[in-house]
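# An overview of the molecular structure
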Amino acid sequence: MATLGHTRHVFGATTRASISRIHCKRLLTKTSRHSTRTIHAQAQEFLQSNQPDWTESQRTVREAIAKICAKYPPEYWLKKDNDHSFPHDLHQDMARDGWLGICMPSEYGGSDLGISEAAVMMQTISESGAGMAGASCVHMNIFGLEPVVKFGTEEQRRKFLVPLIAGKERACFGVTENTGLDTLKLQSFAAKKEGDDHYVLKGHKIWTSTAQIAEKVLILVRTTPLDQVKKPTHGLSLFYTDLDRSKVQVNEIIKMGRAAVDTNILLFDDWHVPATDLIGEEGNGFKSIIQGMNAERILIAAEALGLGYAALRHASIYAKDRVVFGRPIGKNQAIQHPLADSWMKLESARLMVYLAARLYDQGYDTGEYANASKYLAAEAAFEACERAVLVLGGNGYAKEYHVERYLRESLIPRIAPVSREMILNYVGEKVLGLPRSY
Ligand SMILES: Cc1cc2nc3c(=O)[nH]c(=O)nc-3n(C[C@H](O)[C@H](O)[C@H](O)COP(=O)(O)OP(=O)(O)OC[C@H]3O[C@@H](n4cnc5c(N)ncnc54)[C@H](O)[C@@H]3O)c2cc1C
């Protein structure tokens, strides 16, 4: 089997202190020092960091994360996928070096960096061969507690953010229900009697990732029935609380890919949640959660990109090595051109992802670029993964060659956290001014 060159690069050291240094540097330099690079011989290499458009802090993140990920080659992820076992060791490595708080405030142990750096981190994890499994084991930490940062009290921020960033607690994210993308119709309900110090939750969630191992859940429920609110966005409330397994039944959904990171149905009744775990004002939960959604789309887009580049790397190395009819298959344009086309599509999507990230960090808060980046990156990644399988022929279908795993995982960013169709609906309505179609 072709080697993937994991050891070809030497990366700089990563410590919590160096992350703070990144922050300082970031203030000094938003443009790249390295204006030149060699052309993408890099597409066959593991985690090049000299993208001409990246800032110094993005390069530093790239190199540091690549160094961690080099400990976990694609064979590690194949085994995790086969064993259905959570990658605790990567999660702990990321926590130990301070990366779980990359976007969190420094007073709680975070690094105060932006989505521009977090996207590099997620792309790099995924691109290392870890794919969506590697990215998903830390994903929730990066954007998930944004509502706590923005709307939590000082006491909540200290209590919830510090252990999450330190890797001592893990959180899952419970929004989706059987009502699907029609989120405002969700049915789970929290009631509180006058004078009580707790809410009582009843209902269900579906597709809650990492609930098998999480100690905490960020959960959106109704506190005022839909028919009693002025607008459907009103009357929803957000809690960040212990995932109390004596009251919440957690049933795993056996799924197509990303088996290392579980996904679940949660069923709960008579679940007492302290009123002190309410994040923001009662009834304003949707407003709180929407804050993190553009960031999440950008991060998922970056993860998709990583998967696409990983597939492209495997395919181009294979196409150079594999000889059929007396010549490398990569000499055939029917093999070479689709890979070249995928590189261009991934790079185009990458420019959109990092534009969306930069705009987000600058305070731009409408969703067209974040949505477009998720759409474009997911489509480009899916196509690259499918092409990689075909380039490898029969071996593409064999688990030991990894690309079939990437193809299975590449469906996730097309579906979640919002589908392709809903992104097209959004752009049709908000950008093109067409009538709302749903
Ligand atoms: C691996 C995985 C992990 C996930 N992890 C989490 C998690 O941790 N937490 C969480 O809360 N959720 C999670 N999700 C859920 C995910 O966000 C949803 O699956 C996604 O939002 C789509 O919702 P749905 O599956 O209910 O699709 P549905 O709403 O049932 O839609 C089905 C299809 O119909 C289309 N459709 C529906 N309405 C329209 C319309 N008006 N116009 C055009 N097309 C339409 C959709 O685009 C989609 O293709 C996860 C999902 C997956 C697959």
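Residues numbered from 1 in each chain as written. Predicted model: local features only at pLDDT ≥ 70, side-chain atom pairs only at ≥ 80, totals over all residues.

The chain is annotated in an unreviewed UniProt entry as Acyl-CoA dehydrogenase of Lithohypha guttulata. What UniProt records for the chain under Sequence similarities (unreviewed entry) is the sentence "Belongs to the acyl-CoA dehydrogenase family." (UniProt positions renumbered as here; feature names shortened; annotations may be inferred.)

The subject of this paragraph is the site of the ligand. The environment of the ligand is made up of 22 residues, and the closest members are Gly180, Trp207, Ser419, Glu421 and Tyr438. Secondary-structure elements contributing two or more residues to the shell around the ligand are β1 (171–174), β3 (198–209), α13 (412–415) and α14 (420–431). Here the shell around the ligand gathers at least three residues from each of two domains, domain 2 (171–289) and domain 3 (290–431). (Near = placed C-beta within 6 Å. Helix = DSSP H or I, 4+ residues; strand = E, 2+ residues; numbered from the N terminus. Domains from an automatic or database assignment.)

In the contact formed by helix α11 (residues 368–391) and α14, the axes pass within 10 Å of each other and the chain directions differ by 145°. In this structure, α11 meets α14 at a crossing whose hand is left-handed. Contacts between α11 and α14 involve Glu368, Asn371, Ala372, Lys374 and Tyr375 from the former and Arg420, Ile423, Tyr426, Val427, Lys430 and Val431 from the latter. (Axes fitted to C-alpha atoms, helices over the stretch in contact; angles between N-to-C directions. Left-handed = near helix turned anticlockwise from the far one by under 90°. Contact = placed C-beta atoms within 7 Å.)

Moving on, we come to unusual backbone geometry. Residue alanine 416 is joined to proline 417 through a cis peptide bond whose omega torsion reads 0°. By the element assignment, proline 417 lies in the loop between α13 and α14. In the Ramachandran plot, aspartate 112 falls in the positive-phi region, its phi being about 60° despite a non-glycine side chain. Counting through the fold element by element, aspartate 112 comes out in the loop between α4 (88–96) and α5 (115–143). Judged by the 17 C-beta atoms lying within 10 Å of it, aspartate 112 falls in the partly exposed class. (Buried ≥ 20, exposed ≤ 12 C-beta atoms within 10 Å, placed from the backbone.)

Examined bridge by bridge, strand β2 (residues 189–191) and β3 share three bridges and lie antiparallel to one another. The residue bridging alanine 191 from the neighbouring strand is valine 200, located in β3. Between β2 and the antiparallel strand that follows it, β3, lie six residues; glycine 195 among them carries a positive phi value of about 90°. The sheet contact formed by β3 and strand β7 (residues 263–274) spans ten bridges and is antiparallel. By the bridge assignment, isoleucine 206 is partnered in β7 with isoleucine 265. (Pairing = 2+ DSSP bridges.)

Now for helix α7 (residues 154–165). For α7, with twelve residues, the first-to-last C-alpha span of 16 Å sits near the 16 Å given by 1.5 Å per residue. Residues of α7 that are buried: Phe160, Leu161, Leu164 and Ile165. Buried residues of α7, viewed axially, fall in a sector of 115°; they line one side. Looking at the buried residues of α7, the elements they touch are α5, α6 (146–151), β1 and β5 (236–242). Glycine 167 sits one or two residues past α7 and shows a positive phi near 80°. (Expected span 1.5 Å × (residues − 1). Arc of directions from axis to C-beta.)

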